[in-house]
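Here's the letter readout for the chains.
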Amino acid sequence: MKPTILTINGGSSSIKFAFYRPGEPPTRCVFGKMARNGLGEIILTLTDEEEVSVPFPVALGKSATTVFVDWLEKQDNFQSVQTVGHRLVHGMERTEPELVTQDLLDDIRRISPFAPEHLPVETDLIETLRKRHPELVQVACFDTAFHQSMPRMAKLLPIPRRFEAKGIRRYGFHGLSYAYLMEELARLGDPAATKGRVILCHLGNGASMSAVRDGQSVETSMGFSPTSGLVMSTRTGDLDPGVAAYLGHTESMNTKEFYHMANHESGLIGISETSSDMRKLLKLESSDIRAAEAVELFCYQAKKWIGSFSAVLGGLDALVFSGGIGENSAIVRTRICEGLGFLGVKLDENRNTKSAPIISSVDSSVMARVIPTDEELMIARSVARLTQ
Ligand code: ADP
């Protein structure tokens, strides 16, 4: 069967895409990524069969979107595509995926300053496809949607009230991943999926957590932007605003420079001075104190957020680890959970070492799980549900 759904996840540094054949669930036949390498060349990596990388002889001045759509149009798989699902990092108050219309596009352009590194790329991709292939049905899936159920106190930022009217509040991100994890939890028959207290940990290059009560997000660590919350690979996570003011005075650091530092030079790379990659830091930690401290800070802060979210939830029934670090690193999971016995979290080290689907011990009152996330499949499912 030929693919009919294309998913596109356009980010600041790459465009990820996947082709799906229809069905329940839709099945993926090709997954790929287009990104610039250190030399500024555009490299395409297709990862479903074996990994192949193709450098593109790019004409100067062509945008990544144009290169991507030019390439797409030459693919056999693209010829049968009828619907395209896009991940949009921000959707303000929107709670559900939506069909792309001119009104939606205009609105997304208007809110671009809320996610300046992502939304312009994402709208560019949608508009290019609309112009060149008006027959395609396009669907926008919002990373913020999952968290719109949060109560007012979780959304309110303690700055002058007038800014709230301008949309400055906590939105939360990684929503497609969290929606997928909750669907998986339900599929696995965990009662906490619909009735109970769950903490979802999406620990990848970007890292965040979500507190879920009775299937609804009630709190999340990312806020107005994805820079806040946990320590991440290159982002600070929560940071005292006094640091911005101090660096402005003493280092003449301007807003743009501060934004760059907080988003691209901080977190694991900032502390370790060597790598933003958890795997590399774990290899280095025994010989390099900077790597050891970066890993320790990551685990310490993750533990702190779990404690804080457990207080919000009034206890905990299920703890889910996901994302590249959460799914694969037993040692990071162990360190995060060390000392959480008072909450009822007890890992079975044998299961944890294997990254088994359930990593808690039989006498743990909290069910700790590893669930590989799949944001692309969540987009494909949303597209299928909205267009069937
Ligand atoms: P992104 O947020 O870009 O999608 P991923 O979810 O792929 O990122 O996570 C990437 C992170 O996962 C990197 O820090 C990488 O080192 C880490 N990671 C992947 N596999 C392992 C592993 N076996 N042990 C520790 N960290 C791992």
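Every value quoted in this text rests on a predicted model; they were computed, and no experiment measured them.

A. Broad picture of the side chain of Glu122. Tracing the chain through its elements places Glu122 in helix H4 (residues 119-132). Arg87 provides the closest opposite charge to the buried, salt-bridge-free Glu122, at an N-O distance of 5.0 Å. From its side chain, Glu122 meets the backbone nitrogen of Val89 in a polar contact 3.0 Å long. Discounting residues that sit within four places of it in the chain, Glu122 has contacts with Gly10, Arg87, Leu88 and Val89.

B. Structural detail: the packing of aromatic side chains. Following the criterion strictly, the structure yields nine aromatic pairs and no others. For the ring pair Phe114 and Tyr171, a centre distance of 6.3 Å and an interplane angle of 80° mean the geometry is edge-to-face. Remark: Tyr171 occurs in the loop between helix H5 (152-155) and helix H6 (175-187) and Phe114 occurs in the loop between helix H3 (102-110) and H4; sequence separation between them is 57 residues. Classification of Phe114 as buried rests on a relative accessible area of 16%. Classification of Tyr171 by relative accessible area gives buried; the value is 0%. Each ring, one from Tyr171 and one from Phe224, has its centre 6.5 Å from the other, and the planes form 50°; the classification is tilted. Residue Tyr171 is found in the loop between H5 and H6, and its partner Phe224 is found in the loop between strand S11 (216-220) and helix H7 (241-251); the two are separated by 53 residues along the sequence. An aromatic cluster of at least three residues, connected via ring pairs, comprises Phe17, Phe19, Phe68 and Trp71.

C. Structural context of a nonpolar patch on the surface. A surface patch of nonpolar side chains, amounting to about 220 Å² of accessible area, comprises Leu99, Val137 and Leu386. By the secondary structure assignment, Leu99 is in strand S7 (residues 98-99).

D. Local environment of the site of the ligand. By nearness alone, 13 residues border the ligand, and Asn205, Asp277, Met278, Arg279 and Gly324 come closest of all. Between the ligand and Ile325, the relevant distance is 3.3 Å, taken from an oxygen atom to a main-chain nitrogen or oxygen of the residue. A distance of 3.4 Å separates a nitrogen atom of the ligand from a polar side-chain atom of Asn328. Protein burial of the ligand: of its 580 Å² of free accessible surface, 72% is covered by the chains. Going through the elements one at a time, helix H10 (278-284) and helix H12 (323-328) are the ones with two or more residues in the shell around the ligand. Element by element, the count of residues in the shell around the ligand is highest for H12, at four residues. Each residue belonging to the shell around the ligand can be placed in one class, and the counts come to three nonpolar, seven polar and three charged.

The rules behind the values
- Residues numbered from 1 in each chain as written.
- Predicted model: local features only at pLDDT ≥ 70, side-chain atom pairs only at ≥ 80, totals over all residues.
- Heavy atoms only, no water.
- Helix = DSSP H or I, 4+ residues; strand = E, 2+ residues; numbered from the N terminus.
- Buried < 20%, exposed > 50% of the residue type's maximum accessible area, 1.4 Å probe, protein only.
- Lys, Arg positive; Asp, Glu negative; His and termini not counted.
- Salt bridge = Lys/Arg side-chain N within 4 Å of Asp/Glu carboxyl O.
- Polar contact = N/O pair within 3.5 Å; in protein donor to acceptor, adjacent residues only side chain to side chain.
- Contact = heavy atoms within 4.5 Å.
- Phe/Tyr/Trp six-rings, centres within 6.5 Å; stacked < 30°, edge-to-face > 60°.
- Patch = residues over 30% accessible without salt bridge, like charges linked within 9 Å, V, L, I, M, F, W, Y side chains within 5 Å.
- Areas by Shrake-Rupley, 256 points an atom, 1.4 Å probe, with all protein chains shown as cover.
- Near = heavy atom within 4 Å.
- Nonpolar A, V, L, I, M, F, W, Y, C, P; charged D, E, K, R; others polar.

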